[in-house]
Amino acid sequence: NGQDRQNVSVYRSLTAVWIIFALAWIALLLNMGAKIIEHFLDLKKLAAGGDEARPSARKQEEGLSQRAIQQRT
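Summarised in this report is the structure supplied together with it. (Residues numbered from 1 in each chain as written. Predicted model: local features only at pLDDT ≥ 70, side-chain atom pairs only at ≥ 80, totals over all residues. Heavy atoms only, no water.)

**Examining the overall build of the protein**
Line of reasoning, step 1. What the protein contains, in helices and strands, is two helices and zero strands.
Line of reasoning, step 2. The buried share among the 73 residues of the protein stands at 3%.
Line of reasoning, step 3. Of the roughly 7,000 Å² of accessible surface on the protein, a fraction of 62% belongs to carbon and sulfur atoms. (Helix = DSSP H or I, 4+ residues; strand = E, 2+ residues; numbered from the N terminus. Buried < 20%, exposed > 50% of the residue type's maximum accessible area, 1.4 Å probe, protein only. Areas by Shrake-Rupley, 256 points an atom, 1.4 Å probe, with all protein chains shown as cover.)

Below you can see the structure in the form of structure tokens.
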């Protein structure tokens, strides 16, 4: 009888760990899915000729061009 109670606590602990890992795995899949969708949307905007597909990349390019202008002067 005591062995059964000990086994129940072990199974509960294993179940809790299993659930935590499953939730972490689901969160990882959702995060990866969101990044993939964002990437494809950016590609779609670029293919459509949109200049504002990646504002951060555009800001980087502007910064690089400003540095090039400063180096020439």
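So much for the structure itself; the text now carries on.
**A closer look at a nonpolar patch on the surface**
Line of reasoning, step 1. Together, Trp25, Leu28, Leu29, Met32, Ile36, Phe40, Leu43 and Leu46 make up an exposed nonpolar region whose accessible area comes to about 800 Å².
Line of reasoning, step 2. Mapped onto the elements, Ile36 comes out in helix 1 (residues 2-47).
Line of reasoning, step 3. The class of Ile36 is partly exposed, set by a relative accessible area of 44%. (Patch = residues over 30% accessible without salt bridge, like charges linked within 9 Å, V, L, I, M, F, W, Y side chains within 5 Å. Salt bridge = Lys/Arg side-chain N within 4 Å of Asp/Glu carboxyl O.)

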